[in-house]
Amino acid sequence: MLKEGDRIPEFEVTDQDGNTVTEKNFEGRRIVLYFYPKDSTPGCTAEACNLRDNFDALKEAGYEIYGVSKDSQASHQKFIGKYSLPFTLLSDPSTQMLQAFGAWGEKKMYGKVTVGTIRKTFIIAADGTVERIIGKVDTKNHTSQILG
């Protein structure tokens, strides 16, 4: 289980445009890496739009934002287009990255235990270590959790 102070794991996924992204792309940059279950669902849309609406404040604080789900590149392109999202979405259909970050596993939904994406956010320092983990994400006020 990844914890604060750990180096981020190796991964290789693609962004919404089909470009390969690995942990090396994060080197020397402060990253907000948020994992979410599914494009265009109510909670995920609220979270993405909160980050979009506060994008300038996050940039001023020195962060780059990346969202990750197992949705396809095409789904990500639609989600970005529909809500004018100004940040990169990473596609992880194999769940390799989700698992490496501990964002894939059992969770309760409507009283049922299912396996899927666990919503969580990692604040990553420029040296590639985990600065902070937000495990209980408030989708409507996520920026204040990140900046607070």
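Residues numbered from 1 in each chain as written. Predicted model: local features only at pLDDT ≥ 70, side-chain atom pairs only at ≥ 80, totals over all residues. Heavy atoms only, no water.

Turning our eyes to something else, we now look at the state of the cysteines. A complete count under the given rule lists zero disulfides for this structure. This cysteine, Cys-44, is not joined by any disulfide, and Cys-49 carries the nearest cysteine sulfur, 11 Å off. Its relative accessible area of 13% is what places Cys-49 among the buried residues. (Disulfide = S-S within 2.5 Å. Buried < 20%, exposed > 50% of the residue type's maximum accessible area, 1.4 Å probe, protein only.)

Here seven strands make up an open sheet; going across it, the order is E2-E1-E5-E4-E3-E8-E9 and the pairing mixed. One side of each edge strand has no neighbouring strand; the edge strands of this open sheet are strand E2 (20-22) and strand E9 (130-134). Strand after strand, the sheet turns through a mean of 30° between neighbouring axes, direction not considered. When strand E8 (residues 120-124) meets E9, the two strands line up antiparallel, connected through four bridges. Note on E9: the bridge partner recorded for Ile-123 is Arg-132. Each of strand E1 (12-15), strand E4 (63-69) and strand E5 (88-91) touches helix H3 (residues 73-83); the most contacted strand, E5, lies at about 160° to it. (Pairing = 2+ DSSP bridges. Helix = DSSP H or I, 4+ residues; strand = E, 2+ residues; numbered from the N terminus. Axes fitted to C-alpha atoms, helices over the stretch in contact; angles between N-to-C directions. Contact = heavy atoms within 4.5 Å.)

Applying the stated criterion across every chain yields a total of seven salt bridges. A salt bridge links Glu-23 to Lys-24; the shortest N-O distance between them is 3.2 Å. The exposure class assigned to Glu-23 is buried, which follows from its relative accessible area of 13%. For Lys-24, a relative accessible area of 52% gives the class exposed. A salt bridge links Lys-38 to Asp-71, with the nearest nitrogen and oxygen atoms 3.3 Å apart. Taken as a pair, Lys-38 in the loop between strand E3 (30-35) and helix H1 (42-53) and Asp-71 in the loop between E4 and H3 lie far apart in primary sequence, 33 residues in all. For Asp-71, a relative accessible area of 7% translates into the label buried. (Salt bridge = Lys/Arg side-chain N within 4 Å of Asp/Glu carboxyl O.)

Now for the packing of aromatic side chains. This structure, assessed with the given rule, holds 11 aromatic pairs. With a centroid separation of 5.8 Å and 85° between ring planes, the pair formed by Phe-35 and Phe-122 is classed as edge-to-face. Pair noted here: Phe-35 is in strand E3 and Phe-122 is in strand E8, with a separation of 87 residues, a long-range link. For the pair Phe-35 and Phe-122, one class covers both residues: buried. A ring pair is formed by Phe-55 and Phe-87, whose centres lie 6.5 Å apart and whose planes are at 35°; its orientation type is tilted. Note that Phe-55 is positioned in helix H2 (residues 55-60) and Phe-87 in the loop between H3 and E5, a separation of 32 residues in sequence. Among the aromatic side chains, those forming a connected cluster through ring pairs are Phe-11, Phe-26, Phe-35, Tyr-66, Phe-101 and Phe-122. (Phe/Tyr/Trp six-rings, centres within 6.5 Å; stacked < 30°, edge-to-face > 60°.)

Spatial relationships are all this shows, so hold off on functional conclusions.
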